[in-house]
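Residues per chain, in single letters:
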Amino acid sequence: MDILFFSAQPYDITYFNQANQQNTHRFRFLEYPLNEDNTALIKDEKAVCVFVNDKVDAAVVHKLKEKGITLIALRCAGFNNVDLKAAAEAGISVVRVPAYSPHAVAEHAVTLLLALNRKIYKSYNRVRDNNFTLAGLEGFDVYGKTVGVIGTGNIGAVFCRIMLGFGCKVLAHDVVEDASLVQAGVTYVSQESVLTESDIISLHCPLTPDTKHLINGHSINSMKRGVTLINTSRGGLVDTKAVVEALKNGHIGALGIDVYEQEEQLFFQNLSGIIIQDDVLSRLTTFPNVLVTAHQGFFTREALTQIAETTLANISSFEKNEPLKNALK
Ligand code: NAI
């Protein structure tokens, strides 16, 4: 099938070409994001392949239909950026990669937690400057702490098991409970209890109307003072302005995020020579107890290989009129 890739990065080209060694499909890679204007770049392709920050709203879906697109292939798990109802009405199928190395993202969440707690970003710079002092680098034992997890699907489950391995008490909330996690030692409680009883909170649920801003001024006030908050899921789960206030008054003790509410204007681009207009992100990056990474949780060799292979398998199934096991409706 002829596929037009939007928001393509060099690593997408490498891994998709690697997964297409039989030349089953033909690719055109664009570094531009998909939006209403960029649909004009579609030539003869019947499928578009998009990533997390390509906005596939009703207006874009309408234009895709006009261009003859029959398949939107997401090369990611989250799909909050796609208007599925509009796609269904337009007769366009949507597929995604539901699971690709959940370890990649779970391990990144743990990386943020440990790096923040032990101030690795500070010690790295200090030692390179021949400053071998320790003042200000004090952390806490993760062992024995209560870790709260919201969303125990593929990624949240791996995160829970890693934290159990650290000797933590793990509290979790999900709309569906995972019996194997309970057996492993996780205790399911209400979302409120996760928020109020945890020393460390990590978010692993999708962004939906129900979960938007689940971390807000009110829920932050219910948390333990000094809580560490980790978000590798979607930026919209967190009301970032409320979090900035809580960092200023010390209610949140540390924040590690791999996703940000307004990331589509920023992430995956080199803006180092440009004045950033986003005052909230700029404020966040001034805190000594905040670590921001630019949506790199998925970025391991294993995950990239699996993303490319599953995306192409989804497209092949669509082309052969087979049932689409990774379809979104
Ligand atoms: P998943 O679909 O396997 O798990 C999500 C879990 O959240 C499910 O168990 C679901 O029941 C639960 N859930 C749904 N609504 C909930 C609610 N209101 N309260 C509590 N739990 C709720 O998804 P997976 O693969 O674990 O991914 C989780 C999220 O991680 C994705 O939605 C995506 O946004 C994000 N992600 C981030 C990446 C990164 O690079 N930072 C890469 C991949 C995914």
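Predicted model only: the values in this text are computed from it and were never measured. (Residues numbered from 1 in each chain as written. Predicted model: local features only at pLDDT ≥ 70, side-chain atom pairs only at ≥ 80, totals over all residues. Heavy atoms only, no water.)

UniProt's feature table lists "domain: D-isomer specific 2-hydroxyacid dehydrogenase NAD-binding" (unreviewed entry) at residues 111-297, given in the numbering used throughout. Secondary structure across residues 111-297 divides into 33% helix and 16% strand, with the first and last C-alpha atoms of the span separated by 10 Å. (UniProt positions renumbered as here; feature names shortened; annotations may be inferred. Helix = DSSP H or I, 4+ residues; strand = E, 2+ residues; numbered from the N terminus.)

Moving on to the sheet that holds strand β3 (residues 47-50). Taken together, 5 strands build an open sheet; the order of strands is β2-β1-β3-β4-β5 and the sheet is parallel. Across the chains shown, the open sheet's two edge strands, defined by having one partner strand only, are β2 (26-29) and β5 (93-95). Direction aside, the axes of adjacent strands within the sheet are offset by 20 degrees on average. Where strand β1 (residues 2-5) meets β3, 3 bridges bridge the pair, whose relative direction is parallel. (Pairing = 2+ DSSP bridges. Axes fitted to C-alpha atoms, helices over the stretch in contact; angles between N-to-C directions.)

With that settled, consider empty space enclosed by the protein. Counted by the stated rule, this structure contains 2 cavities of 30 Å³ or more. Size it by volume and the largest cavity reaches roughly 50 Å³. In terms of lining, the largest cavity is formed by Y11, D12, Y15, F16, F51, R75, F298, L304 and I307. For the lining of the largest cavity, the secondary structure elements donating two or more residues are α1 (10-19) and α12 (301-319). It is α1 that provides the largest number of residues to the lining of the largest cavity, a total of 4 residues. By residue class, the composition of the lining of the largest cavity is 7 nonpolar, no polar and 2 charged. (1 Å grid on protein atoms, 1.4 Å probe; cavity = no way out; pocket = protein on both sides within 12 Å on 5 of 7 lines; lining within 4 Å. Points joined across faces, edges and corners; volume = space filled by probe spheres on them. Nonpolar A, V, L, I, M, F, W, Y, C, P; charged D, E, K, R; others polar.)

Our focus in this paragraph is the domain arrangement of the chain. Per the domain assignment, the segments of the chain are domain 1 (2-100 + 300-328) and domain 2 (102-292). Taken over C-alpha atoms, the centre of domain 1 sits 30 Å from the centre of domain 2. Where domain 1 abuts domain 2, roughly 900 Å² becomes buried across the two surfaces, and 52% of that area is made up of carbon and sulfur atoms. Looking at the side of domain 1 facing domain 2, the largest losses of area belong to N53, N80 and Y100, adding up to 49% of the total buried there. Where domain 1 packs against domain 2, one counts 0 salt bridges. At the boundary of domain 1 with domain 2, the tally comes to 3 residue pairs in polar contact (both at pLDDT 80 or more). When grouped by side-chain class, the residues that make up the side of domain 1 that touches domain 2 number 7 nonpolar, 5 polar and 1 charged. (Domains from an automatic or database assignment. Buried area = accessible area lost by both parts, 1.4 Å probe. Salt bridge = Lys/Arg side-chain N within 4 Å of Asp/Glu carboxyl O. Polar contact = N/O pair within 3.5 Å; in protein donor to acceptor, adjacent residues only side chain to side chain.)

Here we come to the pattern of salt bridges. This structure, assessed with the given rule, holds 6 salt bridges. Across the pair E45 and R28 runs a salt bridge, and its minimum N-O distance is 2.7 Å. Pair noted here: E45 is in the loop between β2 and β3 and R28 is in strand β2, with a separation of 17 residues, a long-range link. Given the relative accessible area of 5%, E45 is considered buried. The class for R28 is partly exposed, based on a relative accessible area of 23%. Where E89 meets K85, a salt bridge forms, and the shortest distance between an N and an O atom there is 3.4 Å. Linking E89 with K85, this pair stays in helix α3 (residues 84-89), spanning 4 residues, or about one helical turn. Assigned by exposure class, E89 and K85 land together as exposed. (Buried < 20%, exposed > 50% of the residue type's maximum accessible area, 1.4 Å probe, protein only.)

For the rest of this paragraph, the subject is the site of the ligand. Around the ligand sit 23 residues in total, of which N154, I155, D174, T232 and D258 are the nearest. For the ligand, an oxygen atom lies 2.9 Å from a polar atom in the backbone of N154. The side chain of D174 places a nitrogen or oxygen atom 2.6 Å from an oxygen atom of the ligand. Across the complex, the protein chains shield 86% of the 860 Å² of accessible surface that the ligand would expose by itself. Taken atom by atom, the bulk of the ligand overlaps the largest pocket. Across the shell around the ligand, the residue classes tally to 9 nonpolar, 11 polar and 3 charged. (Near = heavy atom within 4 Å. Areas by Shrake-Rupley, 256 points an atom, 1.4 Å probe, with all protein chains shown as cover. Sits in = over half its atoms within 2 Å of the grid points.)

This paragraph deals with helix α6 (residues 154-165). In this model, α6 (12 residues) spans 17 Å end to end at C-alpha, consistent with the 16 Å of a helix rising 1.5 Å per residue. Residues of α6 that are buried: G156, A157, V158, F159, C160 and M163. If you follow the buried residues of α6, they end up packed against α4 (102-117), β6 (146-150), β7 (169-173), α7 (179-184) and β9 (200-203). G167 sits one or two residues past α6 and shows a positive phi near 85 degrees. (Expected span 1.5 Å × (residues − 1). Contact = heavy atoms within 4.5 Å.)

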